[in-house]
Amino acid sequence: MFYVVIALAEEISFFTAESPAPKVEEAPLSWPPEEETEPLPAAELPQTLTVSASIYHPEPGQTDSTPFITADGSRINKRDPKIHRWIAVSRDLHSRWGGEMEFGDSLWITGISDELDGVYVVRDIMNKRMHRQIDILVGKRDPIMGRWDNVQIAKLD
């Protein structure tokens, strides 16, 4: 009897493959985030800064002798460093050397790729020879390589 009811329901399109929920289209990330509300006045928008971006792995050749400990003392997950979404900033961007960013600040980053754009936390400092640059922490096994110019960053409150 149960099978007859199911067959009958399918026959009269009682069950449908599509969800009754409204369809949502994903848009690429941009700054400031596009909202359906009134836009913020220019004075309230976070200031963006154009920098270069690259990636780094937690290994002695790209860091110091303690590759799994960041400059602020945070410990990096050895199996999957990318899950942290942490970055290193060049010294000219850090408050210790006259910049506006501090350890623990959240930054909105856009202009790299759909996978890498988003929110990151400042946890590390780059070598003093670097200027106006950020380094994104990824694992050695992650298939991500590259250097990007004209990357936009904005400090979130």
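No experiment lies behind these values; they were computed from the predicted model shown.

What is the right way to look at the overall build of the chain in this model?
A tally of regular secondary structure across the chain gives 1 helix and 6 strands. Ordered by position from N to C terminus, the α and β elements of the chain give α-β-β-β-β-β-β. With 157 residues in all, the chain has 32% of them scored as buried. Here the analysis covers contacts within the chain between residues at least 6 apart in sequence; of these, 70% occur between residues at least 24 apart. Accessible surface, the chain as shown: approximately 11,100 Å² in total, 52% of it carbon and sulfur.

What's the story with the side chain of serine 74 in this structure? I'm lost.
You can see serine 74 is positioned in the loop between strand 1 (48–56) and strand 2 (86–89). Classification of serine 74 by relative accessible area gives buried; the value is 14%. A polar contact is formed between the side chain of serine 74 and the side chain of aspartate 72, at a distance of 2.9 Å. Apart from the residues within four sequence positions on either side, serine 74 is in contact with Phe68, Ile69, Trp86 and Arg123.

Would you mind showing me how to read the sheet that holds strand 4 (residues 118–125) here?
Strands in a sheet are paired, the pairing made by backbone hydrogen bonds, and the direction either parallel or antiparallel. Taking strand neighbours around the barrel as the criterion, the 6 strands line up as 1-5-2-4-3-6 in a closed arrangement whose pairing is mixed. Neighbour to neighbour, the strand axes of the sheet diverge by 45° on average, direction disregarded. Sheet analysis places strand 2 next to strand 4, joined by 4 bridges and oriented parallel. From the neighbouring strand, isoleucine 87 faces strand 4, where its bridge partner is valine 122.

Please clarify how the nonpolar core should be interpreted in this entry.
Nonpolar side chains in soluble globular proteins tend to be buried together. Ile87, Val89, Ile109 and Ile134 are the most contacted members of the largest nonpolar core, which totals 21 residues. Secondary structure elements with two or more residues in this core: strand 1, strand 2, strand 3 (106–110), strand 4, strand 5 (133–137) and strand 6 (147–155). Excluding residues that lie within four positions of it along the chain, isoleucine 109 makes contacts with Ile87, Asp117, Gly118, Tyr120, Ile134, Val151, Gln152 and Ile153. The next biggest cluster of nonpolar side chains, apart from the first, holds 7 residues, and it includes Trp86, Ala88, Met126 and Leu137.

Got a minute to help me understand the environment of tryptophan 148 in this structure?
Position of tryptophan 148 among the secondary structure elements: in strand 6. Those residues in contact with tryptophan 148 that sit more than four places away from it in its chain are Val51, Ser52, Ala53, Ser54, Ile55, Ile112 and Leu116.

Would you mind going over the pattern of salt bridges with me for this structure?
Any two side chains of opposite charge can pair, given that their charged atoms come close. Throughout the structure, instances matching the rule amount to 5 salt bridges. The partner of glutamate 115 in a salt bridge is lysine 82, and the shortest N-O contact between them spans 2.5 Å. Taken together, the residues glutamate 115 in the loop between strand 3 and strand 4 and lysine 82 in the loop between strand 1 and strand 2 connect sequence positions 33 residues apart. Classification of glutamate 115 as partly exposed rests on a relative accessible area of 46%. In this structure, the salt-bridge partner of arginine 147 is aspartate 149, at a minimum N-O distance of 3.8 Å. The exposure class of arginine 147 is exposed, given its relative accessible area of 51%.

I keep staring at the layout of surface pockets and nothing clicks. Help me out?
The calculated volume of the largest pocket comes to roughly 500 Å³. As for the largest pocket, its lining consists of 22 residues, of which Gln62, Thr63, Ile125, Met126 and Asn127 are closest to the centre. Elements that contribute at least two residues to the lining of the largest pocket include exactly strand 1, strand 4 and strand 5.

What counts and what doesn't
- Residues numbered from 1 in each chain as written.
- Predicted model: local features only at pLDDT ≥ 70, side-chain atom pairs only at ≥ 80, totals over all residues.
- Heavy atoms only, no water.
- Helix = DSSP H or I, 4+ residues; strand = E, 2+ residues; numbered from the N terminus.
- Buried < 20%, exposed > 50% of the residue type's maximum accessible area, 1.4 Å probe, protein only.
- Contact = heavy atoms within 4.5 Å.
- Areas by Shrake-Rupley, 256 points an atom, 1.4 Å probe, with all protein chains shown as cover.
- Polar contact = N/O pair within 3.5 Å; in protein donor to acceptor, adjacent residues only side chain to side chain.
- Pairing = 2+ DSSP bridges.
- Axes fitted to C-alpha atoms, helices over the stretch in contact; angles between N-to-C directions.
- Core = buried A, V, L, I, M, F, W, Y, C linked by side-chain atoms within 4.5 Å.
- Salt bridge = Lys/Arg side-chain N within 4 Å of Asp/Glu carboxyl O.
- 1 Å grid on protein atoms, 1.4 Å probe; cavity = no way out; pocket = protein on both sides within 12 Å on 5 of 7 lines; lining within 4 Å.
- Points joined across faces, edges and corners; volume = space filled by probe spheres on them.

Any functional reading would require information beyond the geometric quantities listed.
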